[in-house]
Amino acid sequence: MASESGPTERVFRLPASTYLVVLFVFFGTMPLAFTSSGFSFNAKGGEEGAPLVVGWHTLLLAIPVLVAVFIRRTATFVDAAGIRVRAVLGSRRLPWSEIRGLAVTGRSIYAVLADGSVRLPCVRQSDLGAVSRASDGRLPLIADPRPKYAPQRRRRR
């Protein structure tokens, strides 16, 4: 006896490879965080590098942490009750009764409301089929896109 379950919540997030940005920002802020701004000359007239300093510059290490928080928090949740858009400092719940439709402009997807529109972060055009399935019939069913393969080269004989 197979029970047919309804659509479940679908979560759209940034890919895990986005955390590589945090690594690059971390290594980029390390020299700025632990050095002073002045260089000095030794007795022979040669340049000496800036000494290791722990001061207000060390607060620059908060930048990679903030980038990681942004990547972790930014998401769109779609279920039978509506759409929830989550950002760094808050979230907004959009019930299906308030949503007039979805708009695609460039690379962004917007939920069109009576009083404006709300951008759906992390939702791409190729995800519209999953959004329509998770809406439990509130949106028309959209077929998943077929992948485009590169044309094959003919072998020369």
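Read on for a plain summary of the structure. Note that the structure is a prediction, hence the values are computed from the model and not measured.

**Details of the packing of aromatic side chains**
Piece 1. Counted under the stated rule, the structure contains one aromatic pair.
Piece 2. Above the plane of the ring of F77 lies R84, whose end atom (NZ or CZ) is 4.1 Å from the centre.

**Re the side chain of S108**
Piece 1. Looking at where S108 falls in the secondary structure, it is placed in strand β8 (residues 108–113).
Piece 2. What makes S108 buried here is its relative accessible area of 18%.
Piece 3. Not counting residues within four places of it along the chain, the set of residues in contact with S108 comprises A103 and R119.

**Re the sheet that holds strand β4 (residues 75–78)**
Piece 1. Taken in spatial order, the four strands line up as β1-β4-β5-β6 in an open sheet, and their pairing is antiparallel. Of all the strands in the sheet, the pair left with one neighbour each is β1 (10–13) and β6 (91–95). For this sheet, the mean inter-axis angle between neighbouring strands, taken without regard to orientation, is 15°.
Piece 2. Summarising the sheet, β4 and strand β5 (residues 82–86) pair through four bridges and their orientation is antiparallel. From the neighbouring strand, A75 faces β5, where its bridge partner is R86.

**Description of the side chain of R86**
Piece 1. Mapped onto the fold, R86 is located in strand β5.
Piece 2. No salt bridge is formed by the buried R86. Its closest oppositely charged neighbour is E9, at 9.0 Å.
Piece 3. Polar contacts involving the side chain of R86 include one to the main-chain carbonyl oxygen of R72, which spans 3.3 Å.
Piece 4. Apart from the residues lying within four places of it in its own chain, the contact partners of R86 are R13, R72, R73, T74, A75, F77, S91 and P121.

**A look at the sheet that holds strand β7 (residues 99–105)**
Piece 1. Pairing within the open sheet is antiparallel, and its three strands lie in the order β7-β8-β9. The outermost strands of the open sheet, each flanked by one partner alone, are β7 and β9 (116–119). Across the sheet, the axes of successive neighbouring strands diverge by a mean angle of 30°, strand direction being ignored.
Piece 2. Across four bridges, the pairing between β8 and β9 is antiparallel. Across the sheet, V112 pairs through a bridge with S117, a residue of β9.

Rules of the game
- Residues numbered from 1 in each chain as written.
- Predicted model: local features only at pLDDT ≥ 70, side-chain atom pairs only at ≥ 80, totals over all residues.
- Heavy atoms only, no water.
- Phe/Tyr/Trp six-rings, centres within 6.5 Å; stacked < 30°, edge-to-face > 60°.
- Lys NZ or Arg CZ within 6 Å of the ring centre and 35° of its normal.
- Helix = DSSP H or I, 4+ residues; strand = E, 2+ residues; numbered from the N terminus.
- Buried < 20%, exposed > 50% of the residue type's maximum accessible area, 1.4 Å probe, protein only.
- Contact = heavy atoms within 4.5 Å.
- Pairing = 2+ DSSP bridges.
- Axes fitted to C-alpha atoms, helices over the stretch in contact; angles between N-to-C directions.
- Lys, Arg positive; Asp, Glu negative; His and termini not counted.
- Salt bridge = Lys/Arg side-chain N within 4 Å of Asp/Glu carboxyl O.
- Polar contact = N/O pair within 3.5 Å; in protein donor to acceptor, adjacent residues only side chain to side chain.

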